[in-house]
Amino acid sequence: MLFVQLLVNGIFAGSIYALLGLSFATIFSTTKIWHFAQGAVYTLGAYVILAASLYGKLPFALATALGIAAAAVLGVLSIVALYRPLQRRGASSLVMVMASLGAMVIADNLVVLGFGPTGYSIDVSVPATLSFGPVLLTGGQMVAPVAATIVVALYLWFLFRSVHGRRMRALIDNEELLLLNGVDTGRLKMLAFAIGSALLPCAAALSIVSGSGISPYFGIQAVLTGAMAMFFGGVDSIEGAAVAGLALGIIESLAAFILPTEWQTAVTYALILLFLMVKPTGLFGRSLPKTTL
Amino acid sequence: MTTYIVGVLVVVVIFGLLAVSLDLLIGYTGLFTIVHGALFGMGAYTSAILAKSLGFGFWGGSLAAMVAGGLISLLIAIPSLRVSGHYLVLASFGVQEVLHALYLNLDGITGGPAGMRGIPRPRLFGTEITSNTSYLMLYSVLSALVILFILVLVRSPFGLLLKAIREDELVPQALGKPVVALKIKAFMVSGAAAGFAGAMYAHYITFVSPETFDVHASILILSMVLIGGMGTLWGPFLGAVVLVVLPEALRFLPLDSATLGPLRQVVYGMVLMVFCFVRPRGLAGGRGGIE
């Protein structure tokens, strides 16, 4: 029974990780930028939700929508005001990573100055906890997988059925070919940054719904989880990151079956890294990233 | 006041060594990792644990810390044998988190979140080092020796080969040079130096706790290398001076500590951003983009 409970917990965590993986993959696979400032976007998005629902007294869904809009703007800002000017100055990818980290440090600590270092939690009304014998299913655990599935389905529909989505997938493989066909890849990358960032508050909202608090420094963990999911799924497969994210959550949760809970994350990372050493292309990837740092 | 300034300088010397050792990887070999904070911690915990449980002194502990740092660094090097670039960033970041989890959760060995207290001070010729001034003298000499070793290393044919790997891995490979072995050596030297810095830190502060060695420590050391100028060795040392002294200087502002802490971080982030935009080759490098 413990196993079933852990599986339920894992599916819940995995649905959040799937969104984080999708977010990281959308930005990284199309632009090959290590967007660490994504951690700051995650934090800021969560705090917009917090401010809107706690101080603005807005309903949670509306607050989340505001968070999503804010994150999308921040995402576009990161490429327009940060990465593109740096690229124009001929900065190496290493300098871009450092600038990204710098932006994250600044944003995280501005949040601390504004909201204090302690965490917050928001009370959201969710369905009551169901119990199936000894297995408990909290309201958040019911809402999260459903909501995540809807978001992922909508996004995949966009990715595979719309013109822009197809172009974004083409961007993963060959930017020059797109340019030759007269596609403005610069705008396409802005779109990737907007969508990738907009996915973050969705993940934050799901973790808030389940009762997890938000705190100023929790963004960088989200970046690492997203990056792990993407590499696990395969660098050239955006949709693979969602599946891998779900798998990551389930593995992490099931690790508690044999180990104390504080080791869950460390063991999961170690397992994924070992897997990647054996199979660097990941679960669904076809090729390895060409550019090196 | 003098004691305080000398104390800050001791920290400068320790972080200077860390930055220089990371520069060997990033600046010379072109291997980008985010794990130096955890390697630093590996050295600190190794010497602290040996001192507390087996009665090791500073010297024995330092030696063990170097070995431990080198071995863990070797572990991180393994992924770079198969894949490079982006995977190394992920792998090193992952190892950073795993090691931090070890420091935090191995309660019985590392003391868990509370850390370890009462690490003995170094003894030199039978006398215990206690004053900050003697610490500064001892650590400056030790740090200078290691930095000198790295300096000789990068000026040697070995160092030239590392630079060749940075510029284009295929060329040294085509010339029949053992690229994999060279990378592993660079990783091990860098890790051993970071471990040594950790031992110096543990025996100076006499207290170690996990949050000193988290991912933010790794980012700080990376920033020192970037601000100073990659691939110059003395540049990263200068970067360490800037990033250790600047936050200390802010301490004298009339602010309460709840504001001061985050404000220091904001200033540090801004310094980093300014360097990325205005002087991406750091203090020691020239103007303009990287090579």
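Residues numbered from 1 in each chain as written. Chains lettered and ligands numbered in written order. Predicted model: local features only at pLDDT ≥ 70, side-chain atom pairs only at ≥ 80, totals over all residues.

1. Some details on the overall build of chain B
For chain B, the helix and strand inventory stands at 12 helices and four strands. Against the 2.2 N^0.38 benchmark of 19 Å for 291 residues, chain B shows a C-alpha radius of gyration of 19 Å, consistent with a compact globule. C-alpha extents for chain B along the principal axes are approximately 55 × 45 × 35 Å. Looking at chain B as a whole, 53% of its 291 residues qualify as buried. Sequence-distant contacts, at least 24 apart, represent 77% of the contacts inside chain B between residues at least 6 apart. (Helix = DSSP H or I, 4+ residues; strand = E, 2+ residues; numbered from the N terminus. Rg over C-alpha atoms; globule rule 2.2 N^0.38 Å. Buried ≥ 20, exposed ≤ 12 C-beta atoms within 10 Å, placed from the backbone. Contact = placed C-beta atoms within 7 Å.)

2. Topic: helix α10 (residues 215–228) of chain B
All names here are of chain B. For α10, built from 14 residues, the straight-helix expectation of 20 Å at 1.5 Å per residue is met to within 8% by its first-to-last C-alpha distance of 20 Å. Of all 14 residues in α10, 13 are buried, a share of seventy percent or more. Immediately downstream of α10, the backbone of Gly-229 shows phi near 120°, a positive value. (Expected span 1.5 Å × (residues − 1).)

3. Re the interface of chain B and chain A
Taken residue by residue, the interface counts 38 residues in chain B and 39 residues in chain A. Residues that form the side of chain B that touches chain A fall into these classes: 26 nonpolar, 10 polar and two charged. (Nonpolar A, V, L, I, M, F, W, Y, C, P; charged D, E, K, R; others polar.)

4. Some thoughts on the environment of Leu-188 of chain A
One can find Leu-188 of chain A in helix α8 (residues 185–209). When the C-alpha atoms of Leu-188 of chain A and Ser-125 of chain A are compared, they prove to be 38 Å apart, with 63 residues separating the residues in sequence.

5. Things to note about the confidence of the model for chain B
Residues and elements named next belong to chain B. Chain-level statistics for chain B give a pLDDT mean of 87 and a share of 96% at 70 or above. Residue range residues 287–291 is modelled with pLDDT below 50. Its contacts to residues more than four positions away, or to other chains, number nine contacts. Both scores are available for the predicted complex, with the pTM at 0.91 and the ipTM at 0.89. (pLDDT = per-residue confidence, 0-100.)

6. Some remarks on the confidence of the model for chain A
On average, chain A scores 89 in pLDDT, and the residues at 70 or more come to 98%. Averaged pLDDT values for the elements of chain A fall to 80 in strand β1 (residues 130–132) of chain A and rise to 94 in helix α3 (residues 60–88) of chain A.

7. Topic: unusual backbone geometry
It is generally the case that most residues other than glycine have a negative phi and that most peptide bonds are trans. Notably, Lys-57 of chain A is not glycine yet its phi reads approximately 55°, a positive angle. Tracing the chain through its elements places Lys-57 of chain A in the loop between α2 (38–54) and α3. Assessed through the 8 C-beta atoms surrounding it within 10 Å, Lys-57 of chain A is described here as exposed. Notably, Thr-206 of chain B is not glycine yet its phi reads approximately 60°, a positive angle. For Thr-206 of chain B, the location among the structural elements is in the loop between α9 (179–205) and β4 (207–208). A tally of 15 C-beta atoms within 10 Å means that Thr-206 of chain B is categorised as partly exposed.

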